[in-house]
Amino acid sequence: MLATTHLALINVFTGDIQGGLGPFLGTWLAESGGWSPARVGFVTTLVGVGALFLSGPAGAVVDRIGRPRLLIAAACAAILAGTLLILPAKSFAAVFAAQMVAAAGGVLLLPAITELTLGIVGKDRFPKQQGRNQAYNHLGILIAAGLISFGTAYFGAAVAFWVLGAMAVLAIVATLTTPGHCYNGRRAVGWKEDDPDDKPERATTRSVLSNRKLLVLAVALALFNLGNGGMLTLLGQKLVAAGTDATAWTARYVMVAQLVMIPVALFAGSLADKRGRRKLLLVALAVLPVRAALSAFIDDPVWLISAEILDGVASGIVGVAVPVVVADLTWGSGRTQTALGTVNAVQGIGGALSAWYGGLAQSVLGWSGSFLALGAPALIALALVVWLDATSEPGRRTRRRERLAASLKPA
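Residues numbered from 1 in each chain as written. Predicted model: local features only at pLDDT ≥ 70, side-chain atom pairs only at ≥ 80, totals over all residues. Heavy atoms only, no water.

## Side note on the overall build of the protein chain
(1) Moving on: Secondary structure summary: the protein chain contains 15 helices and 0 strands in total.
(2) Moving on: For 411 residues, the compact-globule formula gives about 22 Å, and the C-alpha radius of gyration of the protein chain, at 21 Å, lands near that figure.
(3) Moving on: If you line up the protein chain on its principal axes, its C-alpha atoms span 75 × 45 × 35 Å.
(4) Moving on: The proportion of buried residues among the 411 residues of the protein chain is 51%.
(5) Moving on: Nonlocal contacts in the protein chain, meaning residues at least 24 apart in sequence, comprise 82% of its contacts between residues at least 6 apart.
(6) Moving on: Counting every atom, the protein chain has about 18400 Å² of accessible surface; 67% of that belongs to carbon and sulfur.
(7) Moving on: Taking the average place of the 33 positive charges on the side chains of the protein chain and the average place of its 21 negative ones, the gap between the two points comes to 4 Å. (Helix = DSSP H or I, 4+ residues; strand = E, 2+ residues; numbered from the N terminus. Rg over C-alpha atoms; globule rule 2.2 N^0.38 Å. Buried < 20%, exposed > 50% of the residue type's maximum accessible area, 1.4 Å probe, protein only. Contact = heavy atoms within 4.5 Å. Areas by Shrake-Rupley, 256 points an atom, 1.4 Å probe, with all protein chains shown as cover. Lys, Arg positive; Asp, Glu negative; His and termini not counted. Charge placed at Lys NZ, Arg CZ, Asp CG, Glu CD.)

## Details of the nonpolar core
Among soluble globular proteins, nonpolar side chains are generally buried collectively.
(1) Moving on: With 57 residues, the main nonpolar core has L214, L217, Y253, I317, V322, V326 and V343 as its most contacted residues.
(2) Moving on: Secondary structure elements with two or more residues in this core: α5 (92-155), α9 (212-228), α10 (231-241), α11 (246-275), α12 (277-297), α13 (305-330) and α14 (336-388).
(3) Moving on: Beyond its immediate sequence surroundings of up to four residues, I317 is in contact with V264, A268, L280, L281, V283 and A284. (Core = buried A, V, L, I, M, F, W, Y, C linked by side-chain atoms within 4.5 Å.)

## Considerations on the packing of aromatic side chains
(1) Moving on: What the rule picks out here adds up to 1 aromatic pair.
(2) Moving on: Geometrically, the ring pair formed by W249 and Y253 is tilted, given 5.9 Å between the ring centres and 35° between the ring planes. Of this pair, W249 and Y253 both sit in helix α11, 4 residues apart, roughly one helical turn. Comparing W249 with Y253 shows no difference in burial state: the two are buried.
(3) Moving on: The side chain of R252 reaches across the aromatic face of W249, ending 4.6 Å from its centre. (Phe/Tyr/Trp six-rings, centres within 6.5 Å; stacked < 30°, edge-to-face > 60°. Lys NZ or Arg CZ within 6 Å of the ring centre and 35° of its normal.)

## Overview of empty space enclosed by the protein
(1) Moving on: Tallying each qualifying case throughout the model produces 1 cavity of 30 Å³ or more.
(2) Moving on: The calculated volume of the largest cavity comes to roughly 30 Å³.
(3) Moving on: Along the walls of the largest cavity sit W28, L29, S32, G33, W35, I86, L87, A89 and K90, which together make up its complete lining.
(4) Moving on: Its residues placed into classes, the lining of the largest cavity shows 6 nonpolar, 2 polar and 1 charged. (1 Å grid on protein atoms, 1.4 Å probe; cavity = no way out; pocket = protein on both sides within 12 Å on 5 of 7 lines; lining within 4 Å. Points joined across faces, edges and corners; volume = space filled by probe spheres on them. Nonpolar A, V, L, I, M, F, W, Y, C, P; charged D, E, K, R; others polar.)

## With respect to the packing of α12 against α13
(1) Moving on: With their axes 8 Å apart at the nearest point, α12 and α13 run at an angle of 155° to one another. Taken together, the axis directions place α12 and α13 in an arrangement best described as roughly antiparallel. At the point where α12 passes α13, the crossing takes the left-handed sense. (Axes fitted to C-alpha atoms, helices over the stretch in contact; angles between N-to-C directions. Parallel < 35°, antiparallel > 145°, perpendicular 65-115°, else oblique. Left-handed = near helix turned anticlockwise from the far one by under 90°.)

## Some words on the pattern of salt bridges
(1) Moving on: On inspection of all chains with the given rule, the structure shows 6 salt bridges.
(2) Moving on: The salt bridge involving R277 is made with D273; its shortest N-O contact spans 2.6 Å.
(3) Moving on: Judged by relative accessible area, which is 4%, R277 ranks as buried.
(4) Moving on: On the basis of relative accessible area, D273 is assigned to the buried category, the value being 8%. (Salt bridge = Lys/Arg side-chain N within 4 Å of Asp/Glu carboxyl O.)

## Quick look at the side chain of Q130
(1) Moving on: In this structure, Q130 sits in helix α5.
(2) Moving on: Those residues in contact with Q130 that lie beyond four places of it in its chain are G319, V320, P323 and V324.

## Let's talk about the packing of α5 against helix α6 (residues 159-176)
(1) Moving on: Relative to each other, α5 and α6 sit at 145°, their axes nearing to 8 Å. Here α5 runs over α6; the crossing is right-handed. Along its contact with α5, which presents G140, A144, L147, I148, G151, T152 and F155, the element α6 presents V159, A160, V163 and M167.
(2) Moving on: In the contact of α5 with α6, the residues fall into 8 nonpolar, 3 polar and no charged.

## Examining a positive patch on the surface
(1) Moving on: A grouping of R125, K128, R132, K274, R275 and K279 is seen on the molecular surface, where their side chains present a positively charged patch.
(2) Moving on: Of all the elements in the fold, those that place two or more residues in the positive patch are α5 and α11.
(3) Moving on: Looking at the positive patch, the element that brings in the most residues is α5, giving 3 residues.
(4) Moving on: Its location among the elements puts K128 in helix α5.
(5) Moving on: Relative accessible area serves as the criterion here: at 39%, K128 is assigned to the partly exposed category. (Patch = residues over 30% accessible without salt bridge, like charges linked within 9 Å, V, L, I, M, F, W, Y side chains within 5 Å.)

Coordinates in, geometry out; function isn't part of it.
Printed below as a string of structure tokens:
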């Protein structure tokens, strides 16, 4: 089996488990322990904040250890262990501790899979492979959602544990059976593969994280998530206020968005070299205000599907473009995953504040105004990415022209 096939399987099986039980945690705690929404929300917020602090260090661990297969397997095991510990947990402290174990595994997965991908396919093929990774990732989420949806009628809320556990075990198997010789640690960080005696010094973490373009990218993504993260939640509340079956429509919107993300991720991976990473990010950021306007002025839940199609477009592009741009900006430094983990932490701040920001805007501006307020941060992010200009790594066509010009020079 090809190493890229193993990458596909890893992404399918880790697609749903990265966030642990996710939205099913509240359902389980409410049914099994009688937890109130406020108590569920509090523990979820605390775990989310803890995960933000772990994200940067998780990337640094991946850079330092340089054994992504082992780290992916360990991350999946941590998610599985943390999830299973929820079953006997009744107290707040026990649930929090179990969820932090799962969260630690979740934040480790992305940089570890990115490192493994770079070490297998190399930098030139990374954009296209990242598109495939994301497409398989969304496919895994769809499969898990379908299994849980149909299985709940027969097995109850506990089916979420069985699905997550099975996918975690399969992810570990797919990871550990990936051919070890296909991964090259020097290829993964941009060092010369044909000169193993050459051992470049890793750049300092401070020098990498002080890169101005990287900082601008992180802030732009935080603003994007400030608008994007809570929009579907707010839309669900709008449907409740209108007397519509909000739960059923929200589930449909999630499925639509995931279905759209699959072809968008594949398309974005192919276009990353041809059209440039920055243009992809510009499209993703420009889509969010349009989605906000549709959500603000459309009340018919059927027509609101158009807004969630745009969610799939924006999120599908961001999932592909961000690791590629971070790799561009840090290539050869030996700190790519540290930077990626830090960028994820910064953008996660925006996502964590989004629901609060949307709710506050709704109380002041009403439904239409609140959605427009959620779209506004994306306009600032759009301006920042316009400033960002091209990334430091030239596209494939540019590299091809450079090689052609070099071959035509007289010896």
